[in-house]
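Observations on the three-dimensional arrangement
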Amino acid sequence: MSQKRIAKELAELVESPPEGIKVELADESDLYLWNVYMEGPEGSPFQNGKFLVKLKLPTEYPFKPPAVSFGTKIYHPNVTNDDKGSMCLGMLRPDEWKPSSKIAAVLQFARQLLVEPMPDDAVEGRIAEQYKNDRARYDELAKEWTRKYATA
Amino acid sequence: MTDTKMQVDTPQETVEMIKHGEIDESLYSRQLYVLGHEAMKRMGSSNVLIVGLKGLGVEIAKNIALAGVKSLTLYDPAPVAIADLSSQFFLQPEDVGKPRAEVTAPRVAELNSYVPVTVHEGNNIAEDLEQLKRYQAIVLTLTPLKEQLAIAEFCHKNGIYVTVTDTFGLFGYLFNDFGKNFTVGDATGEEAVSGIVAGIDDTGLVSALDETRHGLEDGDFVTFSEIKGMEGLNDSAPRKITVKGPYTFSIGDVSGLGTYQSGGLFTQVKMPKFVDFQSLGEQLKTPEFVVSDFAKFDRPQQLHIGVQALHKFAENHDGQLPRPHNESDAQDVLKIANDLASSGEDKVELDEKVMKELSYQARGDLNPLAALFGGIAAQEVLKAVSGKFNPINQWLYFDALEALPSSTARSEESCKPLGSRYDGQIAVFGKEFQDKIANVTQFLVGAGAIGCETLKNWAMMGLGTGPKGKIFITDMDQIEKSNLNRQFLFRTKDVGRLKSECATTAIQSMNPELQGKIVALRDRVGPDTEHVFDEKFWQGLDGVTNALDNVDARTYVDRRCVFFRKPLLESGTLGTKGNTQVVLPHITESYSSSQDPPEKTFPMCTLKSFPNRIEHTIAWARDLFQTYFVGPPEAVNMYLSQPNYIEKTLKQAGNEKQTLEHLRDFLVTDKPLTFDDCIVWARTQFENQYNNAIQQLLYNFPKDSTTSSGQPFWSGPKRAPTPLKFDSTNPTHLGFIIAGANLHAFNYGIKSPNADKEYYRKVVDNIIVPEFTPKSGVKIQADENEADPNAQPSGSSFDDGNELQQLVESLPSPKSLAGFRLSPVEFEKDDDTNHHIDFITAASNLRADNYDIPQADRHRTKFIAGKIIPAIATATALVTGLVALELYKIIDGKDDIEQYKNGFVNLALPFLGFSEPIASPKGTYMGKNGEVTVDKIWDRFEVADIPLKDFIQHFADLGLEISMVSSGVSLLYASFYPPSKLKDRLPMPMSKLVEHISKKPIPDHQKNVIFEVTAEDQNEEDVEIPYVMVTLQK
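Residues numbered from 1 in each chain as written. Chains lettered and ligands numbered in written order. Predicted model: local features only at pLDDT ≥ 70, side-chain atom pairs only at ≥ 80, totals over all residues.

Naming follows an unreviewed UniProt entry, where chain B appears as Ubiquitin-activating enzyme E1 1 of Aspergillus taichungensis. Its UniProt record gives chain B a comment under Catalytic activity (unreviewed entry), which states: "ATP + ubiquitin + [E1 ubiquitin-activating enzyme]-L-cysteine = AMP + diphosphate + S-ubiquitinyl-[E1 ubiquitin-activating enzyme]-L-cysteine." Per UniProt, chain B has the following entry under Sequence similarities (unreviewed entry): "Belongs to the ubiquitin-activating E1 family." (UniProt positions renumbered as here; feature names shortened; annotations may be inferred.)

Under an unreviewed UniProt entry, chain A has the name E2 ubiquitin-conjugating enzyme and belongs to Aspergillus taichungensis.

1. Structural notes on the overall build of chain A
Counting secondary structure elements, chain A contains four helices and four strands. Radius of gyration (C-alpha) of chain A: 15 Å, near the 15 Å computed for a compact globule of 152 residues. Taken along its principal axes, the extent of the C-alpha atoms in chain A is 50 × 35 × 25 Å. In chain A, of all internal contacts separated by at least 6 residues, the share reaching a separation of at least 24 is 54%. (Helix = DSSP H or I, 4+ residues; strand = E, 2+ residues; numbered from the N terminus. Rg over C-alpha atoms; globule rule 2.2 N^0.38 Å. Contact = placed C-beta atoms within 7 Å.)

2. A closer look at the overall build of chain B
The number of helices and strands found in chain B is 33 helices and 33 strands. Relative to the globule expectation of 31 Å for 1034 residues, the C-alpha radius of gyration of chain B, 33 Å, shows essentially globular dimensions. For chain B, the spread of C-alpha atoms along the principal axes amounts to about 100 × 80 × 60 Å. Here chain B holds 1034 residues, and the buried ones make up 46% of them. For chain B, restricting intrachain contacts to residue pairs at least 6 apart in sequence, the fraction spanning at least 24 positions comes to 73%. (Buried ≥ 20, exposed ≤ 12 C-beta atoms within 10 Å, placed from the backbone.)

3. Side note on the sheet that holds strand 20 (residues 518–521) of chain B
Residue and element names in this part refer to chain B. Taken in spatial order, the eight strands line up as 20-19-18-21-22-23-24-25 in an open sheet, and their pairing is mixed. Lying at the two open borders of the sheet, with one neighbouring strand each, are strand 20 and strand 25 (911–915). Between one strand axis and the next, the sheet turns through 10 degrees on average, direction left out of account. Across five bridges, strand 18 (residues 441–445) lies against strand 19 (residues 470–474) in parallel orientation. Paired with Gln442 across the two strands is Ile471, which belongs to strand 19. Where helix 15 (residues 449–461) meets the sheet, its contacts fall on strand 18, strand 19, strand 21 (543–546) and strand 22 (568–574), and the angle it forms with strand 18 comes to roughly 160 degrees. (Pairing = 2+ DSSP bridges. Axes fitted to C-alpha atoms, helices over the stretch in contact; angles between N-to-C directions.)

4. Focus on the UniProt feature "active site" (unreviewed entry) in chain B
Per the UniProt annotation, the sites labelled "active site" (unreviewed entry) are Cys605 of chain B. Relative to the helices and strands, Cys605 of chain B is located in helix 19 (residues 604–608).

5. Topic: the UniProt feature "domain: Ubiquitin-activating enzyme E1 C-terminal" (unreviewed entry) in chain B
Using the residue numbers shown here, the UniProt feature "domain: Ubiquitin-activating enzyme E1 C-terminal" (unreviewed entry) corresponds to residues 900–1028 of chain B. The straight-line gap between the two end C-alpha atoms of residues 900–1028 of chain B is 29 Å; of that span, 21% is helix and 39% is strand.

6. A word on the interface of chain A and chain B
On the side of chain B, 39 residues touch chain A, which itself brings 41 residues to the contact. Elements that contribute at least two residues to the side of chain A that touches chain B include exactly helix 1 (2–15), helix 3 (125–133) and helix 4 (135–149) of chain A. Sorting elements by how many residues they give to the side of chain A that touches chain B places helix 1 of chain A first, with seven residues. Residue classes in the side of chain A that touches chain B are distributed as 14 nonpolar, nine polar and 18 charged. (Nonpolar A, V, L, I, M, F, W, Y, C, P; charged D, E, K, R; others polar.)

7. Looking at the packing of helix 25 (residues 731–747) of chain B against helix 26 (residues 757–765) of chain B
Residue and element names in this part refer to chain B. Interhelical geometry of helix 25 versus helix 26 gives an angle of 95 degrees and a closest axis separation of 10 Å. Classified by the angle their axes make, helix 25 and helix 26 are roughly perpendicular. Counting all contacts with helix 25, which are made through Leu734, Ile737 and Ile738, the residues of helix 26 involved are Lys757, Tyr760, Arg761 and Val764. Classifying every residue of the contact of helix 25 with helix 26 gives five nonpolar, no polar and two charged. (Parallel < 35°, antiparallel > 145°, perpendicular 65-115°, else oblique.)

8. Looking at the nonpolar core
Residue and element names in this part refer to chain B. In terms of nonpolar packing, the biggest core is built from 174 residues, with Ile64, Ile138 and Val381 touching the most fellow members. Of the residues forming this core, the biggest block, 13 residues, is contributed by helix 30 (residues 873–892). Residue contacts for Ile138: discarding those within four places in its chain leaves Leu49, Val51, Leu132, Ile151, Cys155, Ile160 and Val162. (Core = buried A, V, L, I, M, F, W, Y, C linked by C-beta atoms within 7 Å.)

9. A short note on the packing of helix 4 (residues 55–67) of chain B against helix 30 of chain B
All names here are of chain B. One can describe the packing of helix 4 onto helix 30 by two numbers: an axis separation of 9 Å at closest approach and a directional angle of 150 degrees. In terms of orientation, helix 4 and helix 30 fall into the roughly antiparallel class. Note on element contacts: helix 30 touches helix 4 through Ala873, Thr874 and Ala877, opposite Glu59, Asn63, Leu66 and Ala67. Looking at side-chain class alone, the contact of helix 4 with helix 30 contains four nonpolar, two polar and one charged residues.

10. As for the environment of Leu907 of chain B
All names here are of chain B. By the element assignment, Leu907 lies in the loop between strand 24 (902–906) and strand 25. Taking the C-alpha atoms as reference points, Leu907 and His214, separated by 693 residues in sequence, lie 24 Å from one another. Those residues in contact with Leu907 that sit more than four places away from it in its chain are Ile376, Gln379, Thr576, Thr874 and Ala875.

11. A closer look at the domain arrangement of chain B
Taken as a whole, chain B is organised into domain 1 (1–34), domain 2 (44–185 + 277–299 + 365–437), domain 3 (194–269), domain 4 (439–611 + 879–903), domain 5 (612–852) and domain 6 (922–1031). A straight line from the C-alpha centre of domain 2 of chain B to that of domain 5 of chain B covers 57 Å. (Domains from an automatic or database assignment.)

12. Points about the environment of Val969 of chain B
The residue Val969 of chain B is located in the loop between strand 29 (961–967) and strand 30 (970–974) in this model. In this structure Val969 of chain B comes out as partly exposed when scored by C-beta crowding, with 19 C-beta atoms within 10 Å. Taking the C-alpha atoms as reference, Val969 of chain B lies 8.4 Å from Ser998 of chain B; in sequence the two are 29 residues apart. Here Val969 of chain B is in contact with Ser29, Asp30, Leu31 and Tyr32 of chain A, once residues within four sequence places are set aside.

13. Let's talk about the pairing of strand 12 (residues 242–245) of chain B
Residue and element names in this part refer to chain B. Sheet analysis places strand 12 next to strand 13 (residues 248–250), joined by three bridges and oriented antiparallel. Bridging across to strand 13, Thr242 finds its partner in Ser250. Hairpin connection, strand 12 to strand 13: the antiparallel pair is bridged by two residues.

14. Quick word on the sheet that holds strand 4 (residues 67–70) of chain A
Backbone hydrogen bonds are what pair the strands of a sheet, in a parallel or an antiparallel way. Residue and element names in this part refer to chain A. The four strands lie next to each other as 1-2-3-4, forming an open sheet whose pairing is antiparallel. The strands lining the two open edges of the sheet, one partner per strand, are strand 1 (21–25) and strand 4. Strand-to-strand twist in this sheet, taken as the mean axis angle between neighbours without regard to direction, amounts to 25 degrees.

15. A word on helix 31 (residues 948–958) of chain B
Residues and elements named next belong to chain B. Buried within helix 31 we find Leu948, Phe951 and Ile952. The buried residues of helix 31 all sit within an arc of 95 degrees when viewed along its axis, so they share a single face. Contacts from the buried residues of helix 31 go to strand 28 (941–944), strand 29, strand 30, helix 32 (979–985) and helix 33 (990–998). Downstream of helix 31 by a residue or two, Gly959 has a phi angle that is positive, lying close to 100 degrees. (Arc of directions from axis to C-beta.)

16. Some details on the pairing of strand 23 (residues 577–583) of chain B
Residues and elements named next belong to chain B. Extensive coverage of strand 23 is indicated by the burial of five of its seven residues. With seven bridges connecting them, strand 22 and strand 23 associate as antiparallel partners. Along strand 23, the bridge assignment pairs Leu568 with Val583. As judged from the four bridges shared by strand 23 and strand 24, these two strands associate in the antiparallel manner. The residue of strand 24 that forms the bridge with Asn579 is Phe904.

17. With respect to the environment of Pro99 of chain A
All names here are of chain A. Tracing the backbone shows Pro99 in the loop between strand 4 and helix 2 (103–115). Of the residues examined, Pro99 has 12 C-beta atoms within 10 Å and is grouped as exposed. Separated by 15 residues in the primary sequence, Pro99 and Lys84 place their C-alpha atoms 25 Å from one another. Setting aside residues no more than four positions away along its own chain, Pro99 makes contact with Pro62 and Phe63.

18. A look at unusual backbone geometry
All names here are of chain B. Residue Gln394 follows Asn393 across a cis peptide bond; omega there is -5 degrees. Summarising the element assignment, Gln394 is placed in the loop between helix 11 (367–386) and strand 17 (395–399). That bond from Leu909 to Pro910 is cis: its omega, -10 degrees, falls within 30 degrees of zero. With respect to the secondary-structure elements, Pro910 resides in the loop between strand 24 and strand 25. For His586, which is not a glycine, the phi torsion comes out positive at approximately 65 degrees.

If you want it as structure tokens, here you go:
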């Protein structure tokens, strides 16, 4: 059943993509792996960056949430600074996910997070601490990483 | 006995019991997670007597022997008759004439070497009641009512638990008398719930944090801890609660306790419950029923009288029950029943048809009923002797009259005994139906617990024994010791043998007519084995019975059954719970139509920094196990064996540094030469995980820090951690070192010296561990000294290009290490000497100490980390009995959905529930010639292997505008694709298109391909239409 719902959401996102977001299958041979290209929002230190966000849909979708991870390195309190680039926030948590949620909403949520990090739910404590106490340095480093990793 | 004692198994106590051989944990492992140590210990001191050894008696004996009691005694001096073989799986044709109990006892004894099985001597058990005092629990089957009364009365007075049970054809009943003031220690067996308190108001209303369901029920008891304000609630006596909503409950009066400020946890406490049972005599007059099927809510009263009428009939006829399908006997029974009904207090209006069926079938002996009641009755005995779970209070009646065949006629002639082993079944269904059963071809997927019981049922039913009959069994597993406690076709000597083959041999000796009728296979059923289970194989089946233990395999078999349109019988158990489902082509929905709740997973950030339950620390410890002993050794081996491994790693978009660091650590920095080096490594890891990482976290989020909204940061689900100071006299600390050192040594093939704890302590106390200083801010550290003890545990450092190069350069070349390989650890939960569960237990408990979460012992940690599915033979036997009843209906060819039943059972509560299967969903679309109705599951479109453009046109002709086409997980066509992309695809035949996109050839044995299509109909609405099957030209 999940296939049809995923196909439908894909069609919607391709035909009318949300702002700053472009979606495609990583490979047409797998409907469950999506590549999302996300532009760093204006006014955020990620501006002018283009981030690859990987979306992995579970076979139980929509009963289980998609897994969202950054394929481009990013300096952000809510994204793990490891080879996984994982995030865990609000609607993406298994216990808070609702099958009625849509992938478009997930992606908009992820992009909004670039504008407004949530340091209280940080996965990178040190970045969170810096974000709260030394915003200037945070902005500087986030910009530097964006320039280094997120501009082709 | 206090209530908390009942559920808490202290690790020391467990260790002692295992040491003294009181509980063989490797044998009873899965059942221990159902019953607990305490209940099993009580069972281990109980002597049980089973009276009557036909099919039902032997089922009960089997289940109790497997479960484990102090001793099991059997009583049945009657000679074996050939008809007994209809359900008594431990009897052979050559036993005819010998006393039943005597021939059965040694065969039951083989099931469990810890349970001695003997025969109770004597010719009439009711005549010498005094000797019953040897037993704690007695089960009566095949016992005349007068004797039941005498024995049950004696038991009632002498504190002996008694259960009476019998089956008559498709009817069965059970009665319990566990005496006055019987104590139920744990009524449900459900885990005690706990949660975080968000608030308590001055009326005593407690709210759970973050709208988390508290999971409590009215009348439950809870205790509190860590509450600020209202401190009086902490560690006070358990408070009884009233549920006010899913997130709130009331604890009543809280006056004088002050005002709630913050924090707090609630924990459910299981309180013992007391039940007064009445004697059989009283209960015959004023029965208390447990309803088994709400569709037949007035049936218990009817059967209560009917069964008494049968006993009365037998009394009048020299102990003989009414003859099969004999009209005059049935009239007799009806008359007796009517007399009983009119003499009772409530005048019951009898259903003549039911009474007559009871009489017709009284001599019937069906194995499915024996399996069902054998499971129920054995669980009742275990409840009696252990005090675990709520007993049946006091009568249970059941019937499965829907299973009577309608495709074949029944008459006195067709139901009369033929001197065959199936006479018990023929008495109910007639000879003609017996022939139908014999000529069925069934496929059993799995030969585990459900598989063994199912095969036994089939052997007794004579399924597949006819000229056109056949049974296919497949299972890729070999027999393990922990299987023997439920999978009763296997013995200790069979450990290591293939399940399907061993089970085949076992049931062929149970019913020799199965010789040459069984094909045992060893292939996992799945996409990879479609050349084995090919089209021809599936076409040849009449039906499929699943005996699987995982959702993926179930879903796969379900899909195949839908595709080949074969009926499927599905079942599963979880502890004392069981469910059964019937899937019928064109009639019901399929297994995959309903969704089991997905496996519970935890948010990564909870695991990483904010655990608040032991489940979180166990999941974290399981990850740590992987990070230490599995991942890096695998990476090292790849580095050493794949020439371009580094290049590939550097190309990874993520954090390649971590992989490189692991290689460096495992090949250079941390590479041990001696076992002592492994101890040093383990000690360093302790410091990193339980001291340094915690210090760093507290540096970033000090205990008094606040969130952006001004709330304390460390509150609610975020528990403030405390760093641990290593102490070699603390058993958990040392346990981490011992398990960690041994596993690290295993990676390097360094032999463990099998040293005692003193040795580890001595080594570890001499290690100098550098002081840690938390880091401020974040630097991109290019020049950091690699060996810096302040370095973060890997995974959160920040890198730079030239550092990566330095890392690569620090690695020894694969050539210089020719032949050198590490041994990654393969997680195995059931080997108690391999340190795996020891490591996870210690690692989890240390983290629990960091966060002040109560520790879990090794047993519980193993349960959670190993994702062990608790299991007990009683529930398994029961579900297979229910499944076999549905199989009768399928063989009969019933197409009326109302005759079928899906079952939901929980033996602990106890609860039996049935529902009619859900009909397959229908849909409509507006076609060119009006509205078309389709069965969304069983219908399909069939087209030849035509080009994509013709495919699209084909549907357009039907009035369906295709927007997307997929096959498997490949997306083949979407209407939004640009023409340039479609140009090449449109002329491709569908099969080529699939191969082109999936980049995989269609295997030779595959004769068709399935496509999923989304489309708009003539009303321009998205419609859900069935799948499309494209037949390949081969």
